[in-house]
Amino acid sequence: MGEVDQAFIQAAQHRPKLDTIEIEGIPLIDLSLSDKLLVSEIGNACKNWGFFQVINHGVPLELFTKINIAAKTFFDRPIEEKTKVKRDEVNSTGYHESEHTKNVRDWKEVFDFVLKDPSFLPASHEPEDKELKTLRNRWPENPPEFREVCQEYAREAEKLCYKLLELIALSLGLPSNRFHGYFDDHTALMRLNHYPPCPCPELALGVGRHKDAGALTIVAQDDVGGLQVKRKSDGVWVPVKPTPNALVINVGDTIQVWSNEAYESVEHRVVVNSERERFSFPVFFFPSHYVMVKPLEELVNEQNPAKYKEYNFGKFFAARTRGDYKKLEVENIQIRDFKII
């Protein structure tokens, strides 16, 4: 990734402004607070930002060090070794270095694995195609501890996902376990992101602007910084300042629909720099592939009618990922395509 190929260059209106300005950041929430206060803070953060950071989250802090070391060791391996576990359109687990977001190539390389091995997703986005594809993890031989560290971290993050879903449910006036049944055969994915230094960070992005398709995303990031959130109030790109031992949380399209837009999935992106590499570790908490997503009946009434048509999560996700490997002639499907009003 030495020179900036044309495939990486963002359209002028989407290029990042690299001047650093001090802006009020996303909320920081202490998960050791009393439940009543916690539910209120989570609700406000989901409503006003769609993003927040959490501390005292229960994920053992030594795991952050372990996963950082494992990721750096893996990404420092020769490309010939990394591509031995290269992912493809059939099995989207493993290493990948040419992902596209909004039809522009991202300045990054990744390693993906599913939390449930095997996991199942629709083989295609076509509604009449009932075939499922099986996702099985591909693990590199080196570093030898890589698989164990990744799986240990993922187990702890999964526990936190369920805890956060309970708090979000309570903040919407629902029973704490209201969302649990949608995740019996969840298709959750963990990703290791590596963003190398970029010679022209004013032209490229580590990840282009996008919203997440799932329910929740939990991100551990190093101290370099680069994640930016599009503020709902004015559309300004706000940097998510790294906070020691904190995790970044955002709600995705699925919760936007379940909540009937009480909470909104918000655009975000990753900027890169010319001096330091950056690592981040998101867990994307996706429902079971067969779940039909629609506004929850408890949150819909005459004054607040359903704002979305029902859709199948697996098919939606299959359609959303069509552009990961190649440039498409049309924009990928978006949640707004299911909007009623």
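Before reading further, recall that the structure is shown in the block above.
This report concerns the structure included in the present document. Counting restarts for each chain: residues are numbered from 1 in the order of the written sequence. Where local features are concerned, this predicted model is filtered to residues with pLDDT of at least 70; where side-chain atom pairs are given and counted, the filter is 80 or more; whole-chain, interface and lining totals use all residues. Water and hydrogen atoms play no part in the side-chain values, which are based on all heavy atoms of the structure.

The next thing to look at is the nonpolar core. Ranked by size, the top nonpolar core spans 77 residues in total, and within it Tyr-153 and Phe-179 carry the most contacts. Put simply, DSSP marks the helices as runs of H or I at least four residues long and the strands as runs of E at least two long, and each gets a number from the N terminus on. It is helix α4 (residues 146-171) that provides the largest number of residues to this core, a total of 13 residues. Here, two residues are considered to be in contact whenever any of their heavy atoms come within 4.5 Å of each other. Residues contacting Tyr-153, with those up to four places away along its chain left out, are Val-59, Leu-63, Phe-64, Ile-67, Met-190, Ala-220, Leu-247, Phe-281 and Val-283. Among the nonpolar cores identified, the runner-up in size contains 19 residues, and Val-4, Tyr-195, Val-248 and Val-266 belong to it. Put simply, a nonpolar core is a bunch of buried Ala, Val, Leu, Ile, Met, Phe, Trp, Tyr and Cys residues held in one set by side-chain atoms that sit within 4.5 Å of each other. The buried label applies to any residue whose accessible area, calculated with a 1.4 Å probe on protein chains only, is under 20% of its type's maximum; exposed applies above 50%, and partly exposed to all values in between.

Moving on, we come to helix α1 (residues 35-48). Every helix has an expected span of 1.5 Å times one less than the residues it contains. For α1, built from 14 residues, the straight-helix expectation of 20 Å at 1.5 Å per residue is met to within 8% by its first-to-last C-alpha distance of 20 Å. Among the residues of α1, Leu-38, Val-39, Ile-42, Gly-43, Ala-45 and Cys-46 are the ones counted as buried. Each buried residue of α1 lies within a common arc of 165 degrees when the element is viewed along its axis, so the set occupies one face. In this structure, α1 carries Lys-36 and Lys-47 as exposed residues pointing more than 90 degrees from its buried face. In the core, the buried residues of α1 are packed alongside β1 (28-30), β2 (51-55), α4 and β14 (247-251). With its phi angle positive at about 80 degrees, Gly-50 sits one or two positions after the end of α1. In this description, the arc belongs to the directions extending from the helix axis to the C-beta atoms.

Right, let's talk about the environment of Leu-205 for a bit. Mapped onto the elements of the fold, Leu-205 is located in the loop between β9 (189-195) and β10 (207-210). Each C-alpha atom of the pair Leu-205 and Arg-105 lies 8.4 Å from the other, and the pair is 100 residues apart in sequence.

What follows is about the pairing of strand β8 (residues 132-135). Of the two faces of β8, only the one carrying Lys-133 and Leu-135 is buried; Leu-132 and Thr-134 on the other face are not. Two strands pair under a simple rule: DSSP has to find at least two bridges between them. When strand β7 (residues 119-122) meets β8, the two strands line up antiparallel, connected through 4 bridges. Bridge assignment links Pro-122 to a residue of β8, and that residue is Leu-132.

A few words now on the packing of aromatic side chains. Two descriptors summarise a pair of aromatic rings, namely the distance from one centre to the other and the angle between the planes of the rings. Think of it this way: a Phe, Tyr or Trp ring, Trp meaning its six-membered ring, pairs with another when their centres are within 6.5 Å, and the plane angle makes it stacked under 30 degrees, edge-to-face over 60, tilted otherwise. Within the structure shown, the criterion is met by 24 aromatic pairs. Aromatic pair Phe-75 and Phe-279: ring centres 6.4 Å apart, planes at 35 degrees, arrangement tilted. Note that Phe-75 is positioned in helix α2 (residues 61-75) and Phe-279 in strand β16 (residues 278-285), a separation of 204 residues in sequence. Phe-75 gets classed as buried once you look at its relative accessible area, which sits at 4%. Members of the aromatic cluster, connected to one another through ring pairs, are Phe-74, Phe-75, Tyr-95, Phe-111, Phe-113, Trp-139, Phe-146 and Phe-279. By definition here, charges over rings are those cases where NZ of Lys or CZ of Arg is within 6 Å of the ring centre and within 35 degrees of the ring normal. Sitting over the ring of Trp-237, Arg-269 keeps its end group 4.3 Å from the ring centre.

Lines fitted to C-alpha atoms define the axes, with helix axes restricted to the stretch in contact, and inter-axis angles between N-to-C directions lie between 0 and 180 degrees. At a minimum axis separation of 8 Å, α1 and α4 run at an interaxial angle of 85 degrees. As judged from the angle between their axes, α1 and α4 are roughly perpendicular. Only Leu-164, Leu-167, Ile-168, Leu-170 and Ser-171 of α4 make contact with α1, whose side of the interface consists of Leu-38, Val-39, Ile-42, Gly-43 and Cys-46. Classifying every residue of the contact of α1 with α4 by side-chain character gives 8 nonpolar, 2 polar and no charged. The scheme is simple: roughly parallel for angles under 35 degrees, roughly antiparallel for over 145, roughly perpendicular for 65 to 115, oblique for anything else. Side-chain classes are defined by residue name, with Ala, Val, Leu, Ile, Met, Phe, Trp, Tyr, Cys and Pro counting as nonpolar, Asp, Glu, Lys and Arg as charged, and the others, Gly among them, as polar.

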